[in-house]
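# Notes for the structure review
Residues per chain, in single letters:
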Amino acid sequence: MLKVFDTLKRLENVDAPTVLITGESGTGKDLVAQAIHARGPRKAKPFMEIDCAAMQEALIESELFGHEKGSFTDARQSKKGLFEVAGGGVIFLDELAEMTPATQAKLLRAIENRKFRRIGGVIDIRLDAAIIAATNRDLKTEVKEGRFREDLFFRLNVVPIDMPPLRRRVVDIEPIAL
């Protein structure tokens, strides 16, 4: 955990870090993401979180990028996505490895170009958000086995943080559980 705290300290003055937090379920990856936001230069801006495991593929894309009215059957009005709503803040992509390859490709393009379009949109929107992703899977293995894009892994793994399992830090169980 000292290594994790050291990394958090180093990120305090980094304007838009790209961080990949790995570790077993329940180790506090979300707490680390919130700490990065709370201690960083973007703390006054929104912290937008999406649980990629809890959403269908079509919904993830709409949640991240937004959509224009009429772009699909139930799109009765335009909607801003989390990347747009974050406006200078932080996006936390929890359980990132659950994204399909198609969604991974769209995410990669947005990160590389620092811009995106709403579904059905024609106007590029600037991506102004720090990106923090978390997963309980070993992404190196996922890349080797073709389930996760290697280029996206390298784009997200700029600042890696590996959360040790709770069995190695029993003293942290009670604070995390509360």
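Up top is the structure.
In this report, we go over the structure that sits alongside the text. Just so it is clear, the structure is predicted and the values come from calculations on it, not from any experiment. The written sequence of each chain sets the order in which its residues are numbered from 1. Under the rules for a predicted model, residues below a pLDDT of 70 receive no local features and side-chain atom pairs below 80 are neither given nor counted, while totals for whole chains, interfaces and linings still include all residues. Each side-chain value is worked out from all heavy atoms of the structure, with water and hydrogens disregarded.

With that settled, consider the pattern of salt bridges. Definition used for salt bridges: Asp or Glu carboxyl oxygen within 4 Å of a side-chain nitrogen of Lys or Arg. Under the counting rule described, the total for this entry stands at 18 salt bridges. Lys9 is the partner of Glu12 in a salt bridge, and the nearest nitrogen-oxygen pair spans 3.4 Å. Summary of the burial criterion: residues with accessible area below 20% of their type's maximum are buried, those above 50% are exposed, and those between are partly exposed, where the area comes from a 1.4 Å probe applied to protein chains only. With a relative accessible area of 22%, Glu12 lands in the partly exposed category. Residue classification places Lys9 among the exposed residues on the basis of a relative accessible area of 52%. A salt bridge links Asp151 to Arg149; the nearest nitrogen and oxygen atoms lie 2.8 Å apart. Beyond isolated ion pairs, a larger network of salt bridges with shared partners links Glu98, Arg137, Glu142, Glu145 and Arg147.

Examined against the element boundaries, Asp94 turns out to sit in strand E5 (residues 90-94). There is no salt bridge for the buried Asp94, and the closest opposite charge comes from Lys29, which lies 5.8 Å off by N-O distance. Filtering out sequence-adjacent residues up to four positions away, Asp94 remains in contact with Glu49, Ile50, Asp51, Cys52, Ala53 and Ala134. Segments assigned H or I by DSSP are reported as helices when at least four residues long, segments assigned E as strands when at least two residues long, and all are numbered from the N terminus. His is not counted here, nor are the chain ends, while Lys and Arg score as positive and Asp and Glu score as negative. What makes two residues a contact is simply this: any of their non-hydrogen atoms within 4.5 Å.

What follows concerns the packing of aromatic side chains. Stacked, tilted and edge-to-face pairs are distinguished by plane angle, under 30 degrees for stacked and over 60 for edge-to-face with tilted covering the rest, among Phe, Tyr and Trp rings (Trp via its six-membered ring) whose centres lie within 6.5 Å. With the rule as written, the count across this model stands at 5 aromatic pairs. On the numbers, 5.5 Å between centres and 45° between planes, the contact of Phe65 with Phe83 is tilted. One end of the pair, Phe65, is in helix H3 (residues 57-65); the other, Phe83, is in helix H4 (residues 82-85), and 18 residues separate them in sequence. For Phe65, a relative accessible area of 3% translates into the label buried. For the pair Phe83 and Phe116, a centre-to-centre distance of 5.8 Å together with 50° between the ring planes defines the contact as tilted. Placement of Phe83 in helix H4 and of Phe116 in strand E6 (residues 115-116) is noted, with a sequence separation of 33 residues between them.

This part is about the pairing of strand E1 (residues 18-22). Burial analysis of E1 places 5 of its 5 residues in the buried class, the great majority of the element. Side chains Thr18, Leu20 and Thr22 of E1 all project onto a buried face; the interleaved residues Val19 and Ile21 project onto the opposite face, where all are buried too. A pair of strands is labelled paired if DSSP reports no fewer than 2 bridges between them. Relative to strand E8 (residues 130-135), E1 runs parallel, the two sharing 5 bridges. When the sheet's bridge partners are listed, Val19 is paired in E8 with Ile132. In this sheet, strand E9 (residues 159-162) lies alongside E1 in parallel orientation, the contact comprising 4 bridges. Residue pairing for E9: Ile21 is matched across the bridge by Ile161.

Further remarks concern H3. Those residues of H3 that fall on the buried side of the exposure criterion are Ile60, Glu61, Ser62, Leu64 and Phe65. One or two steps after H3, the chain reaches Gly66, where phi turns positive at roughly 80°.

For helix H1 (residues 2-11), the full list of buried residues reads Val4, Thr7, Leu8 and Leu11. When H1 is viewed along its axis, its buried side chains cluster within an angular range of 100° and face the same direction. Residues of H1 that are exposed and point more than 90 degrees away from the buried face comprise Leu2, Lys9 and Arg10. In the core, the buried residues of H1 are packed alongside E1, helix H2 (29-39) and E9. The directions considered for the arc are those from the helix axis to the C-beta atoms.

This brings us to the packing of H3 against helix H5 (residues 101-113). To obtain each axis, a line is fitted to C-alpha atoms, and for helices this fit is confined to the stretch in contact; angles are then taken between N-to-C directions over 0 to 180 degrees. Between H3 and H5, whose axes approach to 10 Å, the crossing angle comes to 15°. In terms of orientation, H3 and H5 fall into the roughly parallel class. Every pair of crossing elements has a handedness; the one defined by H3 and H5 is right-handed. Contacts from Glu57, Ile60, Glu61 and Phe65 of H3 reach H5 at Ala102, Thr103, Lys106, Leu107 and Ala110. Split into classes, the residues belonging to the contact of H3 with H5 amount to 5 nonpolar, 1 polar and 3 charged. What sets the label is the angle itself: under 35 degrees gives roughly parallel, over 145 gives roughly antiparallel, 65 to 115 gives roughly perpendicular, and the rest give oblique. The handedness criterion is simple: a crossing whose near helix is rotated anticlockwise from the far helix by less than a right angle is left-handed, and one whose near helix is rotated clockwise is right-handed. Classification convention: Asp, Glu, Lys, Arg as charged; Ala, Val, Leu, Ile, Met, Phe, Trp, Tyr, Cys, Pro as nonpolar; all other residues, Gly among them, as polar.

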